[in-house]
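Observations on the three-dimensional arrangement
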Amino acid sequence: DAKTTQPPSMDCAEGRAANLPCNHSTISGNEYVYWYRQIHSQGPQYIIHGLKNNETNEMASLIITEDRKSSTLILPHATLRDTAVYYCIVRGYGGSQGNLIFGKGTKLSVKP
Amino acid sequence: NAGVTQTPKFQVLKTGQSMTLQCAQDMNHNSMYWYRQDPGMGLRLIYYSASEGTTDKGEVPNGYNVSRLNKREFSLRLESAAPSQTSVYFCASTGGGGLQPQHFGDGTRLSIL
């Protein structure tokens, strides 16, 4: 079973920030938080990952709470092409712990 | 860069037929994975290969076999296809270090009648 809980769907206006929440209350100390997205049944696309510090790259920002029990993926200026299912995944290091366990994700709809 | 290439993209089989799905990556990655995705669901891991010469079962291995032919190629075989195996199959690969992100192919859409 997935170790994360996400809302099934969210809407966002084009040009606004999209904030996607994720709960991972049972995360252990050596597990990272990863975000992927899947656009219209294409293969999942890696977005960002982090351990405990906030992370930013060209696609998004990841904010992890101090207790690491939840996180938020931020798409700063959502476009229509950001409409996708977003998966929050907790992943360990090495062996089977490094495997990705996908839940159902959050379906983000960006509207004009 | 091609990344992860899956063939074929679409296939229709009859119950009981066999088929091999092909996956190749050109990123010199050590680890490769096979997932299936049913409608409205997340991906589920079928088999993975942590390195050339090794394979391990994932969450849903029954009805499948795999072969890590070399470092580049990882194939998935259905020996006797069943309608329950109708799904979209994704192959992925990742480099060393255990924390590198997985790169996915575009999928094979398989229907079994």
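Structure: above.
These numbers were taken from a predicted model, which means no experiment stands behind them. (Residues numbered from 1 in each chain as written. Chains lettered and ligands numbered in written order. Predicted model: local features only at pLDDT ≥ 70, side-chain atom pairs only at ≥ 80, totals over all residues. Heavy atoms only, no water.)

1. What to know about the sheet that holds strand β2 (residues 18-23) of chain A
Residues and elements named next belong to chain A.
- Reading across the sheet, the 4 strands line up as β2-β7-β6-β5 and stay open at both edges, with antiparallel pairing between neighbours. Each edge of the sheet is formed by a strand with only one pairing partner; in this case those strands are β2 and β5 (55-56).
- Looking at chain direction, β5 and strand β6 (residues 61-64) are connected through 2 bridges and run antiparallel. The partner of T56 across the bridge, within β6, is S61. (Pairing = 2+ DSSP bridges. Helix = DSSP H or I, 4+ residues; strand = E, 2+ residues; numbered from the N terminus.)

2. Some remarks on the environment of M32(B)
Residue and element names in this part refer to chain B.
- Mapped onto the elements, M32 comes out in strand β4 (residues 31-37).
- Given a relative accessible area of 0%, M32 falls into the buried group.
- A sequence separation of 18 residues divides M32 from K14, and the C-alpha atoms of the two residues are 28 Å apart. (Buried < 20%, exposed > 50% of the residue type's maximum accessible area, 1.4 Å probe, protein only.)

3. So, the pattern of salt bridges
Residues and elements named next belong to chain B.
- Going through the model one piece at a time under the given rule, you end up with 5 salt bridges over all chains.
- The partner of R44 in a salt bridge is D38, with the nearest N and O atoms 2.6 Å apart.
- The class for R44 is partly exposed, based on a relative accessible area of 26%.
- D38 sits in the buried class, given a relative accessible area of 16%.
- Of the charged contacts in the structure, one is a salt bridge between R77 and E79, with a shortest N-O distance of 3.1 Å.
- Under the relative-accessibility criterion, E79 is labelled partly exposed at 43%. (Salt bridge = Lys/Arg side-chain N within 4 Å of Asp/Glu carboxyl O.)

4. Section: the interface of chain B and chain A
- Taken together, the 21 residues of chain B in the interface contact 22 residues of chain A.
- Here chain B meets chain A over a buried area of about 1,600 Å², counting both sides, of which 54% is carbon and sulfur.
- Interface area lost by chain B to chain A is led by L43(B), L99(B) and F104(B), which between them contribute 32%.
- Where chain B packs against chain A, one counts 0 salt bridges.
- Joining chain B to chain A, the criterion identifies 4 residue pairs in polar contact (both at pLDDT 80 or more).
- Here the side of chain B that touches chain A is built from residues that sort into 10 nonpolar, 9 polar and 2 charged. (Contact = heavy atoms within 4.5 Å. Buried area = accessible area lost by both parts, 1.4 Å probe. Polar contact = N/O pair within 3.5 Å; in protein donor to acceptor, adjacent residues only side chain to side chain. Nonpolar A, V, L, I, M, F, W, Y, C, P; charged D, E, K, R; others polar.)

5. Some points on the nonpolar core
- The biggest cluster of nonpolar side chains holds 21 residues, and the ones touching the most others in it are W35(A), L73(A), Y86(A) and L108(A).
- Counting residues per element, the ones that place at least two in this core are β2, β3 (32-38), β4 (45-50), β6, β7 (70-75), β8 (84-91) and β9 (106-111) of chain A.
- In terms of residue count, β8(A) provides more of this core than any other element does, 4 residues in total.
- Beyond its immediate stretch of four places on either side in the chain, Y86(A) contacts Q6(A), L20(A), W35(A), Y36(A), R37(A), I47(A), L73(A), L75(A), G105(A), T106(A) and L108(A).
- In this structure, M19(B), Y47(B), A81(B) and C91(B) belong to the second largest nonpolar core, which totals 20 residues. (Core = buried A, V, L, I, M, F, W, Y, C linked by side-chain atoms within 4.5 Å.)

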